[in-house]
Amino acid sequence: MTTILVTGGTGTLGRVVTERLRSAGHEVRALSRHSQPYAVDLREGTGLDAAVEGVEVVVHCASTPRGGDEQAARHLIEAARKAGVAHLVYISIVGVDRVPLGYYKAKLAVEQLIEESGLGWTVLRTTQFHDLVLKLLDTAARLPVLVSPSGVSDQPIDVGEVAERLAELATAPPAGRVADMGGPEVRTFTDLARAYLRATGRRRPVLPVRLAGKTYRALRAGGHLTPEQAVGKGTFEEFLARR
């Protein structure tokens, strides 16, 4: 049995990682801003030393597009060093080095901090979760016309499969940057939007709109995709059917 700390332990991914590790018999501390007894705001770092004490492995799932990921990573790395943590596992995103999105740049910066931390480390990059695609489409479908970015594809993956892989990596020796993990299908966003409308029974015309800017050029070029690593099994339709 290993003592493992999961940051973002109540989030979309962290919650499932925590469940997987606990079911395998490990002692797991689920850290979040509001989850007792390990309620810690990583951006502030207060109380982090106590949460990390006695921990052998940290799985770093906490992240936000609102900013602060780099500061949070610095606090976590410092606490992990003090506590003698043997292995830091980080979940990142395919394309953080190719798509000039602010959030992606922050994720790449955190990767570099971890690589230079002196700790044993593993980094896994995956494509977007089905949950995020659903959230985006739920928002877009509030309008009478569902607007989708023209020429942009996605490769969504099931969060449970990613959690299984992270749990596997957390209980193995540090492996550095491991192979990317992509969903089973590369689909245009327009196609995903139509699948969503069929599954939810909503009637909306889908309007593909060509967007400008460096970020969308990178997305149209597939910088966030990994078709050669389409190792996921669960499709978007299967995810929607469960929801």
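Residues numbered from 1 in each chain as written. Predicted model: local features only at pLDDT ≥ 70, side-chain atom pairs only at ≥ 80, totals over all residues. Heavy atoms only, no water.

A. Highlighting a nonpolar patch on the surface. Taken together, the side chains of V145, V147 and L207 make up a nonpolar region of the molecular surface, amounting to roughly 210 Å² of accessible area. With respect to the element layout, V145 can be found in the loop between α5 (130-140) and β6 (146-149). The partly exposed category is assigned to V145, whose relative accessible area is 31%. (Patch = residues over 30% accessible without salt bridge, like charges linked within 9 Å, V, L, I, M, F, W, Y side chains within 5 Å. Areas by Shrake-Rupley, 256 points an atom, 1.4 Å probe, with all protein chains shown as cover. Salt bridge = Lys/Arg side-chain N within 4 Å of Asp/Glu carboxyl O. Helix = DSSP H or I, 4+ residues; strand = E, 2+ residues; numbered from the N terminus. Buried < 20%, exposed > 50% of the residue type's maximum accessible area, 1.4 Å probe, protein only.)

B. Region of interest: helix α7 (residues 189-200). For α7, spanning 12 residues, the distance from its first C-alpha to its last is 16 Å, which sits close to the expected 16 Å at 1.5 Å a residue. Buried residues belonging to α7 abut α5, β6, β7 (153-154), β9 (187-188), β10 (206-209) and α9 (236-242). Positioned one or two residues after α7, G201 has a phi angle of 70°, which is positive. (Expected span 1.5 Å × (residues − 1). Contact = heavy atoms within 4.5 Å.)

C. View of the nonpolar core. Core analysis: the largest hydrophobic core is formed by 24 residues, its most contacted members being L13, V17, V59 and L166. Counting residues per element, the ones that place at least two in this core are β1 (3-7), α1 (14-23), β3 (57-60), β4 (87-93) and α6 (159-170). Counting residues per element, this core draws most heavily on α6, at seven residues. Filtering out sequence-adjacent residues up to four positions away, V59 remains in contact with I4, L5, V6, T7, V17, V89, L166 and A170. L42, V55, L76 and L88 belong to the second-largest nonpolar core, a separate cluster that totals 23 residues. (Core = buried A, V, L, I, M, F, W, Y, C linked by side-chain atoms within 4.5 Å.)

D. Molecular detail of the packing of aromatic side chains. For the coordinates displayed, the defined rule picks out one aromatic pair. Between F236 and F239 the ring centres are 6.2 Å apart and the planes differ by 20°, which places this aromatic pair in the stacked class. In this pair, F236 and F239 are both assigned in helix α9, three residues apart and thus about one turn of the helix distant. For the pair formed by F236 and F239, the shared burial category is buried. (Phe/Tyr/Trp six-rings, centres within 6.5 Å; stacked < 30°, edge-to-face > 60°.)

E. How the structure looks around the packing of α1 against α6. Contact geometry of α1 with α6 gives a least axis separation of 9 Å together with a crossing angle of 50°. By the angle between their directions, the pair α1 and α6 is classed as oblique. Crossing hand, α1 versus α6: right-handed. Contact residues: V16, V17, R20 and L21 in α1; G160, A163, E164, L166, A167 and A170 in α6. Grouping the amino acids of the contact of α1 with α6 by side-chain chemistry returns seven nonpolar, one polar and two charged. (Axes fitted to C-alpha atoms, helices over the stretch in contact; angles between N-to-C directions. Parallel < 35°, antiparallel > 145°, perpendicular 65-115°, else oblique. Left-handed = near helix turned anticlockwise from the far one by under 90°. Nonpolar A, V, L, I, M, F, W, Y, C, P; charged D, E, K, R; others polar.)

F. Summary view of the side chain of T3. Mapped onto the elements of the fold, T3 is located in strand β1. Beyond its immediate stretch of four places on either side in the chain, T3 contacts E27, R29, G54, V55, E56 and V57.

G. Region of the structure containing the pattern of salt bridges. Considering all chains together, one arrives at 14 salt bridges under this definition. Two residues, E78 and K82, come together in a salt bridge whose shortest N-O distance is 3.7 Å. Placement of both E78 and K82 in helix α3 (residues 69-83) is noted, with a separation of four residues, approximately one turn of the helix. E78 sits in the partly exposed class, given a relative accessible area of 41%. Accessibility expressed as a relative area gives 58% for K82, which makes it exposed. By sharing partners, the salt bridges in this structure join E185, R187, D191 and E237 into a single network.

H. Structural detail: the sheet that holds strand β8 (residues 176-177). Taken in spatial order, the six strands make up an open sheet running β2-β1-β3-β4-β5-β8, and their pairing is parallel. One side of each edge strand has no neighbouring strand; the edge strands of this open sheet are β2 (27-31) and β8. Of the pairings in the sheet, the one linking β3 to β4 comprises four bridges and is parallel in character. Residue pairing in the sheet places V59 in a bridge with V89 of β4. Across the sheet, helix α4 (residues 102-115) touches β4 and β5 (121-126), and the angle it forms with β4 is around 160°. (Pairing = 2+ DSSP bridges.)

I. Spotlight on the pairing of β2. Buried residues dominate β2, accounting for four of its five residues. Inspection of the sheet shows β1 paired to β2 by five bridges, in the parallel sense. Bridged to T7 within β2 is L31. Following the backbone out of β1, through α1 and into the adjacent parallel β2, one traces a crossover that is right-handed. (Right-handed = clockwise from strand over helix to strand, strands pointing away.)

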